[in-house]
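# Fold and geometry: a report
If you want the building blocks of each chain, they are given just below.
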Amino acid sequence: MSGESEGSSSGGQVRLDDLSFYSSSSGPAYTLDRKEPGMVQENMKMVREGLMEGVTLMRQAKEAVNHVVDTGIAHSSAAHYQLLEEDNLPARVGVIAATGLVGLVVGSLRGRLVKRVVYTMVGVGAGSAVCYPEQCPVREAGEMVYQEGRKNAMVAYNYVAGGE
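Residues numbered from 1 in each chain as written. Predicted model: local features only at pLDDT ≥ 70, side-chain atom pairs only at ≥ 80, totals over all residues. Heavy atoms only, no water.

## Section: the overall build of the protein chain
Along the backbone of the protein chain there are 4 helices and 0 strands. Across the protein chain, every contact between residues at least 6 apart in sequence was considered, and the portion connecting residues at least 24 apart equals 44%. In the form shown here, the protein chain has an accessible surface area of approximately 14800 Å², with 62% of it arising from carbon and sulfur atoms. (Helix = DSSP H or I, 4+ residues; strand = E, 2+ residues; numbered from the N terminus. Contact = heavy atoms within 4.5 Å. Areas by Shrake-Rupley, 256 points an atom, 1.4 Å probe, with all protein chains shown as cover.)

## Here's the deal with the packing of helix α2 (residues 89–110) against helix α3 (residues 113–131)
Viewed as axis vectors pointing N to C, α2 and α3 meet at an angle of 155°, and their least axial separation amounts to 7 Å. For the element pair α2 / α3, the angle class is roughly antiparallel. Between α2 and α3 the crossing geometry is right-handed. The residues of α3 that touch α2, namely those facing Arg 92, Val 95, Ile 96, Thr 99, Gly 100, Gly 103, Leu 104, Val 106, Gly 107, Ser 108 and Arg 110, are Lys 115, Arg 116, Tyr 119, Thr 120, Gly 123, Val 124, Gly 127, Ser 128 and Cys 131. (Axes fitted to C-alpha atoms, helices over the stretch in contact; angles between N-to-C directions. Parallel < 35°, antiparallel > 145°, perpendicular 65-115°, else oblique. Left-handed = near helix turned anticlockwise from the far one by under 90°.)

## Some points on a nonpolar patch on the surface
On the surface, Leu 101, Leu 104, Val 105 and Leu 109 cluster together to form a nonpolar patch covering roughly 400 Å² of accessible area. Take Val 105: it is sitting in helix α2. (Patch = residues over 30% accessible without salt bridge, like charges linked within 9 Å, V, L, I, M, F, W, Y side chains within 5 Å. Salt bridge = Lys/Arg side-chain N within 4 Å of Asp/Glu carboxyl O.)

## What to know about the pattern of salt bridges
A side chain of one charge can pair with a side chain of the opposite charge when the charged atoms of the two come close. Following the criterion strictly, the structure yields 1 salt bridge and no others. Here Glu 148 and Lys 151 are joined by a salt bridge, their closest N and O atoms 3.6 Å apart. Of the two residues, Glu 148 and Lys 151 are both situated in helix α4 (residues 137–161); the distance of 3 residues between them amounts to about one turn of the helix. Looking at Glu 148, the relative accessible area reads 39%, which means it is partly exposed. (Buried < 20%, exposed > 50% of the residue type's maximum accessible area, 1.4 Å probe, protein only.)

## Things to note about α2
Taking 1.5 Å as the rise per residue, α2 with 22 residues should run 32 Å; its terminal C-alpha atoms sit 32 Å apart, in good agreement. Elements in contact with the buried residues of α2: α1 (39–83) and α3. Gly 111 sits one or two residues past α2 and shows a positive phi near 150°. (Expected span 1.5 Å × (residues − 1).)

## Structural notes on the confidence of the model for the protein chain
Confidence in the prediction for the protein chain averages 83 pLDDT; 88% of positions are at 70 or higher. Mean pLDDT values for the elements of the protein chain range from 84 in α4 up to 92 in α1. Long-range and interchain partners of residues 1–5, a stretch whose pLDDT sits below 50, account for 2 contacts in this model, where long-range means more than four residues apart. (pLDDT = per-residue confidence, 0-100.)

## Some thoughts on a negative patch on the surface
Negative charge collects at one region of the surface, where Glu 85, Glu 86, Asp 87 and Glu 134 lie side by side. Relative to the elements of secondary structure, Glu 85 occurs in the loop between α1 and α2. (Lys, Arg positive; Asp, Glu negative; His and termini not counted. Charge placed at Lys NZ, Arg CZ, Asp CG, Glu CD.)

## What about the side chain of Arg 92?
Along the chain, the position of Arg 92 falls in helix α2. Buried charge without a partner: Arg 92 forms no salt bridge, and the closest opposite charge is Glu 86, 4.8 Å away. Only 2.6 Å separates the side chain of Arg 92 from the backbone oxygen of Leu 84, close enough to count as a polar contact. Setting aside residues no more than four positions away along its own chain, Arg 92 makes contact with Leu 83, Leu 84, Glu 85, Glu 86, Cys 131 and Tyr 132. (Polar contact = N/O pair within 3.5 Å; in protein donor to acceptor, adjacent residues only side chain to side chain.)

## As for the environment of Leu 84
With respect to the helices and strands, Leu 84 occurs in the loop between α1 and α2. The spacing of Leu 84 and Tyr 132 is 48 residues in sequence and 7.3 Å in space, taken between C-alpha atoms. Every residue in contact with Leu 84, bar those within four places of it in the chain, is listed here: Arg 92, Val 130, Cys 131 and Pro 133.

Encoded structure:
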């Protein structure tokens, strides 16, 4: 260093302490002026906030209902499995008698003797189907209806498509 003062630079030289770590660009800088929202924006904000509050309430209600439904399904399936146990004959008899009694009450409210007998038989049949699902003739009838419907659907498809 020659005899110059520390603060001055000579011949276009820059001191090491004056150098920045990052290059600074002197490009144009833009700013957005802050402006008050208009009446339409304020109204849309109110509508949006109201809808979001409603959606939040609906989600909470849906979660509460789903919890109740899931709990009910768990309890009823446990009761149904308990009902299907071999040692539980008194409970099966009770379910069949109770559904028959419900059928009798509904038939009594609906009218004549024939309706009372029919509703009672339907109630007893429903109770028997719940207690003895493996021996229920409805399953066989449902399988037969499914097979016949599938066969008829294939015949109709082949008729429309022009095949045999």
